[in-house]
Amino acid sequence: MYTLDELQYIVKRCHRCPLSKSRTHVVFGEGNRRARLMFVGEGPGFNEDRLGRPFVGRAGQLLDRMLEAIGIKREEVYITNIVKCRPPNNRDPLPNECNTCIEFLRWQVKIIDPAIIVCLGAVAARNIIDPNFRITKERGVWINRGKFHIITTYHPAALLRDERKKKEAWEDFRKIRGKYNEI
Ligand code: URA
(Lines give C-alpha, C1' and ligand atoms only; values in the text may rest on other atoms or scores of the structure.)
Protein backbone atom coordinates (compact mmCIF):
# COMPACT_ATOMS: atom_id res chain seq x y z
CA MET A 1 0.00 0.00 0.00
CA TYR A 2 1.25 3.48 -0.83
CA THR A 3 0.46 6.72 0.95
CA LEU A 4 -1.14 9.41 -1.19
CA ASP A 5 2.13 11.38 -1.11
CA GLU A 6 4.13 8.37 -2.29
CA LEU A 7 1.65 7.77 -5.11
CA GLN A 8 1.80 11.42 -6.13
CA TYR A 9 5.62 11.25 -6.19
CA ILE A 10 5.41 8.28 -8.58
CA VAL A 11 2.70 9.77 -10.81
CA LYS A 12 4.54 13.10 -11.13
CA ARG A 13 7.50 11.23 -12.63
CA CYS A 14 5.47 8.90 -14.86
CA HIS A 15 6.53 8.33 -18.47
CA ARG A 16 4.45 5.27 -19.18
CA CYS A 17 2.54 6.79 -22.10
CA PRO A 18 3.15 9.45 -24.78
CA LEU A 19 1.05 12.08 -22.94
CA SER A 20 4.01 12.56 -20.61
CA LYS A 21 6.00 14.07 -23.49
CA SER A 22 3.59 16.91 -24.19
CA ARG A 23 2.46 17.75 -20.66
CA THR A 24 3.46 20.87 -18.74
CA HIS A 25 2.32 19.50 -15.38
CA VAL A 26 0.96 16.21 -14.17
CA VAL A 27 -2.51 16.79 -12.73
CA PHE A 28 -2.64 14.23 -9.94
CA GLY A 29 -5.85 15.37 -8.25
CA GLU A 30 -6.64 17.38 -5.15
CA GLY A 31 -8.97 17.76 -2.24
CA ASN A 32 -9.80 16.11 1.03
CA ARG A 33 -7.59 13.06 1.57
CA ARG A 34 -10.41 11.50 3.58
CA ALA A 35 -13.23 12.52 1.22
CA ARG A 36 -16.45 10.49 1.26
CA LEU A 37 -17.18 11.83 -2.22
CA MET A 38 -14.83 11.61 -5.21
CA PHE A 39 -15.33 13.19 -8.65
CA VAL A 40 -13.55 11.74 -11.66
CA GLY A 41 -13.27 13.65 -14.94
CA GLU A 42 -11.66 12.75 -18.20
CA GLY A 43 -8.26 14.41 -18.27
CA PRO A 44 -6.62 17.80 -17.78
CA GLY A 45 -7.36 20.62 -20.21
CA PHE A 46 -5.27 23.66 -21.08
CA ASN A 47 -5.61 25.45 -17.74
CA GLU A 48 -5.22 22.30 -15.67
CA ASP A 49 -2.01 21.40 -17.54
CA ARG A 50 -0.71 24.93 -16.98
CA LEU A 51 -1.47 24.95 -13.25
CA GLY A 52 -1.20 21.27 -12.30
CA ARG A 53 -4.65 21.30 -10.70
CA PRO A 54 -7.87 19.54 -11.80
CA PHE A 55 -10.99 21.39 -12.94
CA VAL A 56 -9.76 24.97 -12.72
CA GLY A 57 -10.99 26.22 -16.12
CA ARG A 58 -14.54 27.14 -17.11
CA ALA A 59 -15.83 23.59 -16.61
CA GLY A 60 -14.23 23.55 -13.17
CA GLN A 61 -15.85 26.82 -12.21
CA LEU A 62 -19.22 25.37 -13.18
CA LEU A 63 -18.48 22.26 -11.11
CA ASP A 64 -17.65 24.52 -8.14
CA ARG A 65 -20.96 26.37 -8.53
CA MET A 66 -22.92 23.12 -8.74
CA LEU A 67 -21.24 21.80 -5.62
CA GLU A 68 -21.97 25.06 -3.83
CA ALA A 69 -25.62 24.82 -4.88
CA ILE A 70 -25.96 21.47 -3.12
CA GLY A 71 -24.13 22.76 -0.06
CA ILE A 72 -20.84 20.93 -0.58
CA LYS A 73 -17.48 22.70 -0.49
CA ARG A 74 -14.85 21.83 -3.08
CA GLU A 75 -12.32 21.27 -0.24
CA GLU A 76 -14.59 18.61 1.22
CA VAL A 77 -14.41 16.30 -1.82
CA TYR A 78 -11.59 14.82 -3.87
CA ILE A 79 -11.32 15.65 -7.58
CA THR A 80 -9.23 13.79 -10.13
CA ASN A 81 -9.29 12.43 -13.69
CA ILE A 82 -8.94 9.18 -15.62
CA VAL A 83 -5.69 10.40 -17.23
CA LYS A 84 -3.34 12.63 -15.31
CA CYS A 85 -1.71 14.37 -18.30
CA ARG A 86 -3.36 16.58 -20.89
CA PRO A 87 -4.20 14.96 -24.24
CA PRO A 88 -3.01 17.27 -27.06
CA ASN A 89 -5.67 19.74 -28.25
CA ASN A 90 -8.04 18.39 -25.60
CA ARG A 91 -8.85 15.29 -27.62
CA ASP A 92 -10.37 12.34 -25.75
CA PRO A 93 -7.72 10.18 -24.12
CA LEU A 94 -6.95 7.06 -26.18
CA PRO A 95 -7.72 3.58 -24.81
CA ASN A 96 -4.05 2.76 -24.22
CA GLU A 97 -3.58 6.06 -22.34
CA CYS A 98 -6.62 5.34 -20.13
CA ASN A 99 -5.62 1.73 -19.54
CA THR A 100 -2.11 2.74 -18.54
CA CYS A 101 -3.17 5.56 -16.24
CA ILE A 102 -6.17 3.97 -14.55
CA GLU A 103 -3.88 2.03 -12.23
CA PHE A 104 -3.14 5.36 -10.53
CA LEU A 105 -6.87 6.07 -10.08
CA ARG A 106 -7.32 2.61 -8.57
CA TRP A 107 -4.64 3.45 -6.03
CA GLN A 108 -6.25 6.82 -5.30
CA VAL A 109 -9.56 5.09 -4.63
CA LYS A 110 -7.89 2.48 -2.45
CA ILE A 111 -6.07 5.09 -0.37
CA ILE A 112 -8.81 7.73 -0.05
CA ASP A 113 -11.57 5.12 0.23
CA PRO A 114 -14.55 7.31 -0.73
CA ALA A 115 -18.11 6.02 -0.32
CA ILE A 116 -19.37 7.73 -3.48
CA ILE A 117 -17.68 8.05 -6.86
CA VAL A 118 -19.15 10.43 -9.42
CA CYS A 119 -18.11 9.90 -13.05
CA LEU A 120 -18.13 13.22 -14.88
CA GLY A 121 -18.93 12.30 -18.47
CA ALA A 122 -18.79 9.27 -20.70
CA VAL A 123 -15.01 8.79 -20.72
CA ALA A 124 -14.97 8.39 -16.94
CA ALA A 125 -18.03 6.13 -16.97
CA ARG A 126 -16.63 3.93 -19.76
CA ASN A 127 -13.41 3.42 -17.88
CA ILE A 128 -14.94 2.97 -14.43
CA ILE A 129 -18.32 1.32 -15.04
CA ASP A 130 -18.71 -0.25 -18.47
CA PRO A 131 -16.87 0.24 -21.80
CA ASN A 132 -20.24 0.49 -23.57
CA PHE A 133 -21.72 3.08 -21.18
CA ARG A 134 -24.20 5.43 -22.93
CA ILE A 135 -24.35 8.72 -21.10
CA THR A 136 -27.78 9.88 -22.29
CA LYS A 137 -29.45 6.61 -21.24
CA GLU A 138 -27.49 5.58 -18.20
CA ARG A 139 -26.57 8.77 -16.33
CA GLY A 140 -28.26 9.50 -13.01
CA VAL A 141 -28.47 5.83 -12.01
CA TRP A 142 -26.73 4.47 -8.93
CA ILE A 143 -24.52 1.44 -9.42
CA ASN A 144 -23.07 -0.51 -6.52
CA ARG A 145 -19.62 -1.99 -6.99
CA GLY A 146 -18.46 -3.62 -3.81
CA LYS A 147 -18.71 -0.94 -1.14
CA PHE A 148 -18.75 1.94 -3.63
CA HIS A 149 -21.83 3.84 -4.76
CA ILE A 150 -21.14 5.07 -8.29
CA ILE A 151 -23.16 7.50 -10.40
CA THR A 152 -22.52 9.26 -13.70
CA THR A 153 -23.56 12.75 -14.66
CA TYR A 154 -22.76 14.96 -17.63
CA HIS A 155 -19.31 16.44 -17.83
CA PRO A 156 -19.58 20.15 -16.89
CA ALA A 157 -18.03 21.03 -20.27
CA ALA A 158 -21.01 19.31 -21.92
CA LEU A 159 -23.32 21.55 -19.87
CA LEU A 160 -21.47 24.61 -21.11
CA ARG A 161 -21.95 23.43 -24.70
CA ASP A 162 -25.62 22.50 -24.28
CA GLU A 163 -27.65 24.31 -21.61
CA ARG A 164 -30.56 21.90 -22.12
CA LYS A 165 -28.63 19.21 -20.26
CA LYS A 166 -28.52 21.30 -17.09
CA LYS A 167 -31.94 20.20 -15.82
CA GLU A 168 -30.90 16.53 -15.78
CA ALA A 169 -27.54 17.42 -14.27
CA TRP A 170 -29.30 19.19 -11.40
CA GLU A 171 -31.39 16.07 -10.79
CA ASP A 172 -28.15 14.06 -10.62
CA PHE A 173 -26.58 16.51 -8.20
CA ARG A 174 -29.65 16.34 -5.95
CA LYS A 175 -29.30 12.55 -5.92
CA ILE A 176 -25.63 12.90 -5.03
CA ARG A 177 -26.56 15.23 -2.16
CA GLY A 178 -29.17 12.71 -0.96
CA LYS A 179 -26.71 9.81 -0.95
CA TYR A 180 -24.06 11.98 0.72
CA ASN A 181 -26.53 12.63 3.54
CA GLU A 182 -27.15 8.90 3.92
CA ILE A 183 -23.58 7.64 4.07
N1 URA B 1 -12.02 18.42 -17.83
C2 URA B 1 -11.70 17.26 -17.20
O3 URA B 1 -12.21 16.21 -17.54
N4 URA B 1 -10.84 17.33 -16.20
C5 URA B 1 -10.29 18.46 -15.77
O6 URA B 1 -9.50 18.42 -14.83
C7 URA B 1 -10.64 19.64 -16.44
C8 URA B 1 -11.49 19.60 -17.46
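Structure first, text after, so check above.
This report concerns the structure included in the present document. Keep in mind that what you see is a predicted model, and the values were worked out from it rather than measured. (Residues numbered from 1 in each chain as written. Predicted model: local features only at pLDDT ≥ 70, side-chain atom pairs only at ≥ 80, totals over all residues. Heavy atoms only, no water.)

## Observations regarding the overall build of the protein chain
Selection rule: Working definition: helices are DSSP H or I runs of at least four residues, strands are E runs of at least two. Numbering for both runs from the N terminus. The reference for a compact globule is 2.2 Å times residues^0.38; the radius of gyration itself is calculated from the C-alpha atoms. Classification of residues uses two cut-offs on accessible area relative to the type maximum, computed with a 1.4 Å probe and protein chains only: under 20% is buried, over 50% is exposed, and between them is partly exposed. Accessible areas in this description were obtained via Shrake-Rupley with a 1.4 Å probe; residue shielding takes into account the shown protein chains only.
Helix and strand counts for the protein chain stand at nine helices and six strands. For the protein chain, whose C-alpha radius of gyration is 15 Å, the value lies close to the compact-globule estimate of 16 Å for 183 residues. Reported as C-alpha extents along the three principal axes, the dimensions of the protein chain are approximately 40 × 35 × 30 Å. For the protein chain, with 183 residues in total, the buried portion stands at 51%. With an accessible surface of roughly 9,400 Å², the protein chain has 49% of that area assigned to carbon and sulfur atoms.

## Points about the side chain of H155
Let me state the cut-off plainly: The term polar contact refers here to a pair of N or O atoms within 3.5 Å; inside protein, the definition further demands a hydrogen-donor-capable atom paired with an acceptor-capable atom, and it admits residues adjacent in sequence only when both atoms are side-chain atoms.
Within the secondary structure, H155 sits in the loop between β6 (148-153) and α8 (156-161). Residue H155 is classed as buried on the basis of its relative accessible area of 17%. Separated by 2.9 Å, the side chain of H155 and the backbone nitrogen of A157 make a polar contact.

## Let's talk about the nonpolar core
This is how it is decided: Here, nonpolar core refers to any group of buried Ala, Val, Leu, Ile, Met, Phe, Trp, Tyr and Cys residues whose side-chain atoms link them within 4.5 Å. In what follows, a contact means two residues having at least one pair of non-hydrogen atoms within 4.5 Å.
L37, F39 and I82 are the most contacted members of the largest nonpolar core, which totals 56 residues. Broken down by element, the residue count for this core peaks at eight residues, all from helix α5 (residues 95-112). Those residues in contact with I82 that sit more than four places away from it in its chain are V40, G41, E42, C98, C101, I102, L105, V123, A124, N127 and I128.

## A closer look at the side chain of N81
Mapped onto the elements, N81 comes out in strand β3 (residues 78-81). Within the structure, N81 has its side chain in polar contact with the backbone nitrogen of G43 (distance 3.4 Å).

## Brief notes about the site of the ligand
To keep things clear, this is the line we draw: If even one non-hydrogen atom of a residue comes within 4 Å of a molecule or strand, that residue is called near it. Polarity classes work like this: nonpolar for Ala, Val, Leu, Ile, Met, Phe, Trp, Tyr, Cys and Pro, charged for Asp, Glu, Lys and Arg, and polar for all others, with Gly in that last group.
Neighbouring the ligand are the residues G41, E42, G43, E48, P54, F55, N81 and H155. Residue F55 places a main-chain N or O atom 3.0 Å away from an oxygen atom belonging to the ligand. H155 places a polar side-chain atom, nitrogen or oxygen, 2.8 Å from an oxygen atom of the ligand. Relative to its unbound accessible surface of 240 Å², the ligand loses 92% to contact with the protein. Of the residues belonging to the shell around the ligand, the class tally is two nonpolar, four polar and two charged.

## A closer look at unusual backbone geometry
A positive phi angle, close to 50°, is found at F55, a residue other than glycine. By secondary structure assignment, the location of F55 is in the loop between α3 (46-51) and α4 (58-69). Given the relative accessible area of 5%, F55 is considered buried. Phi at D113 is positive, roughly 55°, even though this residue is not glycine. Its place among the elements puts D113 in the loop between α5 and β4 (116-120).

## A word on α5
Along an α-helix, a turn takes 3.6 residues, which lines up residues three or four apart on a common side. Heads up, the rule is: Given a helix with a known number of residues, its expected span is that number minus one, times 1.5 Å. To get the bend at a residue, fit one axis to the 7 residues ending there and another to the 7 starting there, then take the angle between the axes.
Taking 1.5 Å of rise per residue, the 18 residues of α5 would be expected to cover 26 Å, and the 25 Å separating its terminal C-alpha atoms lies within 8% of that figure. Approximately 35° is the largest bend angle found in α5, and it occurs at C101. E97, C98, C101, I102, F104, L105, W107, Q108, V109 and I112 are the residues of α5 that are buried. One or two residues past the end of α5 sits D113, with phi positive at roughly 55°.

## Considering the pairing of β6
Condition: For two strands to be treated as a pair, DSSP must find no fewer than two bridges joining them.
Taking burial as the measure, the six residues of β6 include six buried ones, the bulk of the element. Alternating residues of β6 divide into F148, I150 and T152 and H149, I151 and T153, and every residue in both groups is buried. Here β4 pairs with β6 via five bridges, running parallel. The residue bridging V118 from the neighbouring strand is I151, located in β6. Both strand β5 (residues 143-145) and β6 contribute to a ladder of three bridges, which runs antiparallel. Bridge pairing in β6 places N144 opposite H149. Adjacent in sequence and paired antiparallel, β5 and β6 are bridged by two residues, among which G146 carries a positive phi angle near 60°.

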